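What follows is the residue order along each chain.
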Amino acid sequence: MATWHILLLPLVIALVVFACWSIFYADSNVLSGIGWLTLALVGCGSYLIGSFAFYSAACRKLGCTCELNPLPAPRSAHQDASYLVQFVISGTFHSRPFTLYREIERSSRGFQSNPVAYAVVEWTGSEIHLPVFTLRVFASTASSLQNRIVEPMLRAAGRDSAGGSVIELEPGTNLSTRARLSGPGAQTARSLFTRTACDELDALVSDATISGEPGLLVTREVSASSMPWDRKGKFPLPWQLEDYLERAERIRRALVF
C-alpha cells in the first residue's frame with residue numbers, strides 16, 4: 001500500500017471516532033447530522049481508496065500503472081466538466097501501448113438522470129493507419145433498427161454523425177444487422193470490415209462504439225445491465241484486467257494489420 005494511504009489512516013480513524021461520538025453521545029441534532037454525514041463521507045472515501053489500492057496491486061503484476069483522476073486526461077477522454085475520468089491504467093500489453101480507463105458522464109440527458117459509465121480502451125502507435133471513422137455497435141438487431149441512442153453514443157465517441165455518411169457493413173454478417181459505420185473516412189474504413197473482421201467483432205463486442213483515426217483506435221463500451229454480477233460492458237474488476245485486455249487486443253487485431 002502506498003505511503004499516502006498509510007498517512008491517511010490516522011485521519012480516517014479520527015473521523016470515524018468523531019462521527020460515532022456525534023451520533024451516539026452528542027445531544028445536539030446538528031452534531032448527530034454532522035456525524036452521519038461524516039460517516040457517509042468516510043465510507044465513500046474508504047471505498048474509493050480501497051478500490052484504487054486493489055487496482056494498483058493488480059496493475060503492478062501486469063507491469064502497468066494505475067492513476068486516479070489524473071491530469072491531463074487520456075487523449076480520447078472528454079475534456080469538459082460533464083465527464084469524470086477514473087482509474088486510468090496505462091502501459092504496454094503484448095508490446096502495444098494502451099490506456100484503459102473508466103469515464104462517467106455526470107450530466108443528465110433528456111429523461112436520463114442516472115450517470116452513464118463507459119469502459120474505454122485506447123491504443124496508440126504509428127503503426128495504426130486508420131481513417132477517421134465511428135462504428136456504432138448495438139446490443140441487438142432490434143435496438144439497431146430502432147436507432148436507439150445513436151446520436152448520444154456518436155457524441156460520446158467524440159464524433160458528429162453529420163461528419164460523414166452512414167455506410168452499411170458486409171451484407172449477410174450478423175454485425176451488419178446491428179452496427180452502423182459513419183464518419184469522414186467511413187467509405188475508406190469500409191474495406192477494413194471484411195466478413196472475417198465482422199464475424200470477429202460480432203463475437204467480441206456487445207453495446208459499444210469503436211472509433212479510429214491515424215495513430216489511435218478507441219473502444220468505448222457501455223454497461224449491458226445495472227445488475228452488479230453482470231459485468232458485460234463494465235469496467236473490469238482488478239482480477240479481470242488481463243482477460244479484458246486480451247479481448248481488447250483481439251478487437252485491435254481485427255482492424256489494425
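These numbers were taken from a predicted model, which means no experiment stands behind them. Residues take numbers from 1 onward in each chain, read along the sequence in its written order. Residues qualify for local features only when their pLDDT is at least 70, as the model is predicted, and side-chain atom pairs are given and counted only at 80 or more; totals for whole chains, interfaces and linings, by contrast, use all residues. Values reported for side chains reflect all heavy atoms of the structure, with hydrogen atoms and water molecules removed beforehand.

**Let's talk about the overall build of the chain**
Here is step 1: Numbered from the N terminus, helices here are DSSP runs of H or I no shorter than four residues, and strands are runs of E no shorter than two. Tallying secondary structure elements over the chain gives 7 helices and 8 strands in all.
Here is step 2: Burial classes: relative accessible area under 20% of the type maximum marks a residue as buried, over 50% as exposed, and values in between as partly exposed (1.4 Å probe, protein chains only). Here the chain holds 257 residues, and 45% of them are scored as buried.
Here is step 3: Surface accessibility follows the Shrake-Rupley procedure with a 1.4 Å probe radius. Residue values consider only the protein chains on display as shielding. When the accessible surface of the chain is totalled, it reaches about 13500 Å², and 61% of it is carbon and sulfur.

**Points about helix H7 (residues 241-255)**
Here is step 1: For H7, which comprises 15 residues, the first-to-last C-alpha distance of 22 Å matches the rise-based estimate of 21 Å (1.5 Å per residue) to within 8%.
Here is step 2: Taken as a whole, H7 has its buried residues at Leu241, Tyr244, Leu245, Ala248, Glu249, Ile251, Arg252, Ala254 and Leu255. Given the number of residues in a helix, its expected span is that number minus one, multiplied by 1.5 Å.

**Structural notes on the packing of aromatic side chains**
Here is step 1: Stacked, edge-to-face and tilted are the three classes for Phe, Tyr and Trp ring pairs, Trp counted by its six-membered ring, which pair at centre distances within 6.5 Å; planes under 30 degrees apart are stacked, over 60 edge-to-face, the rest tilted. Overall, the coordinates contain 5 aromatic pairs when judged by the stated rule.
Here is step 2: Their ring planes at 35° and their centres at 4.8 Å tell us that tyrosine 55 and phenylalanine 87 sit as a pair that is tilted. Pair noted here: tyrosine 55 is in helix H2 (residues 29-62) and phenylalanine 87 is in strand S2 (residues 83-93), with a separation of 32 residues, a long-range link.
Here is step 3: Ring centres of phenylalanine 133 and phenylalanine 193 lie 5.8 Å apart, and the angle between their planes is 85°; on these two criteria the pair is classed as edge-to-face. In this pair, phenylalanine 133 is assigned in strand S5 (residues 133-137) and phenylalanine 193 in the loop between helix H5 (186-189) and helix H6 (195-204), connecting sequence segments 60 residues apart. Here the two residues phenylalanine 133 and phenylalanine 193 agree in accessibility, since each one is buried.

**Let's talk about the environment of leucine 100**
Here is step 1: Locating leucine 100 in the fold gives a position in strand S3 (residues 96-105).
Here is step 2: Of the residues examined, leucine 100 reaches a relative accessible area of 0% and is grouped as buried.
Here is step 3: When the C-alpha atoms of leucine 100 and arginine 220 are compared, they prove to be 10.0 Å apart, with 120 residues separating the residues in sequence.

**A look at the pattern of salt bridges**
Here is step 1: Counted as salt bridges are all cases of a side-chain nitrogen of Lys or Arg within 4 Å of a carboxyl oxygen of Asp or Glu. Considering all chains together, one arrives at 12 salt bridges under this definition.
Here is step 2: We note a salt bridge from arginine 178 to aspartate 202, for which the minimum N-O separation is 3.0 Å. Of this pair, arginine 178 sits in the loop between helix H4 (150-156) and strand S6 (179-182) while aspartate 202 is found in helix H6, placing the two residues 24 residues apart along the sequence.
Here is step 3: Taking the shortest distance from any N to any O, the salt bridge between glutamate 221 and arginine 247 comes out at 2.7 Å. One end of the pair, glutamate 221, is in strand S8 (residues 216-222); the other, arginine 247, is in helix H7, with 26 residues separating them in the sequence.
Here is step 4: Overall, the relative accessible area of 21% leaves arginine 247 in the partly exposed class.
Here is step 5: Salt bridges linked by common partners bring Arg96, Glu127 and Arg252 together as one network.

**Focus on the nonpolar core**
Here is step 1: By convention a nonpolar core is built from buried Ala, Val, Leu, Ile, Met, Phe, Trp, Tyr and Cys residues, the set being connected through side-chain atoms within 4.5 Å. Within the largest apolar cluster, 44 residues are counted, with the highest numbers of intra-cluster contacts made by Ile89, Leu100, Phe133, Leu135, Phe193, Leu201 and Ile210.
Here is step 2: Examining the composition of this core, we find that 7 residues originate from one element, H7, more than from any other.

**Description of the sheet that holds strand S4 (residues 116-124)**
Here is step 1: Taken in spatial order, the 8 strands make up an open sheet running S1-S2-S3-S4-S8-S7-S5-S6, and their pairing is antiparallel. Looking along the sheet, the strands with just one partner apiece sit at the ends: strand S1 (65-67) and S6. Across the sheet, the mean angle separating the axes of adjacent strands is 15° when strand polarity is ignored.
Here is step 2: For S4 and S8, the ladder comprises 7 bridges, and the chain directions are antiparallel. Following the sheet pairing, alanine 119 is matched in S8 by glutamate 221.
Here is step 3: Along the sheet face, H7 touches S2, S3, S4, S5, strand S7 (208-213) and S8 and points at about 60° away from the line of S4. One bridge is not enough; two strands pair if DSSP finds at least two bridges between them. Helix axes are fitted only over the stretch in contact, all axes being lines through C-alpha atoms; the angle between N-to-C directions runs from 0 to 180 degrees. Pairs of residues are marked as contacts when any of their non-hydrogen atoms sit within 4.5 Å.

**Thoughts on the pairing of S6**
Here is step 1: Residues Ala179 and Leu181 point to one face of S6 and Arg180 and Ser182 to the other, with burial holding for every one of them.
Here is step 2: Here 4 bridges tie S5 to S6, and the two strands are oriented antiparallel to one another. Following the sheet pairing, valine 137 is matched in S6 by alanine 179.

**Some points on the pairing of S8**
Here is step 1: Counting buried residues in S8 gives 7 out of 7 residues, a clear majority hidden from the surface.
Here is step 2: Where burial is concerned, the two faces of S8 agree: the one with Leu216, Val218, Arg220 and Val222 and the one with Leu217, Thr219 and Glu221 are both buried.

**So, the side chain of serine 176**
Here is step 1: When you line up the elements, serine 176 lands in the loop between H4 and S6.
Here is step 2: We classify serine 176 as buried; its relative accessible area is 11%.
Here is step 3: Polar contact criterion, stated in full: a pair of N or O atoms within 3.5 Å, where within protein one must be able to donate a hydrogen and the other to accept it, and residues adjacent in sequence count only if both atoms are side-chain atoms. Reaching out from serine 176, the side chain makes a polar contact with the backbone oxygen of glutamate 170 at a distance of 3.4 Å.
Here is step 4: Setting aside anything within four residues of it in sequence, one finds serine 176 in contact with Glu168, Leu169, Glu170 and Pro171.

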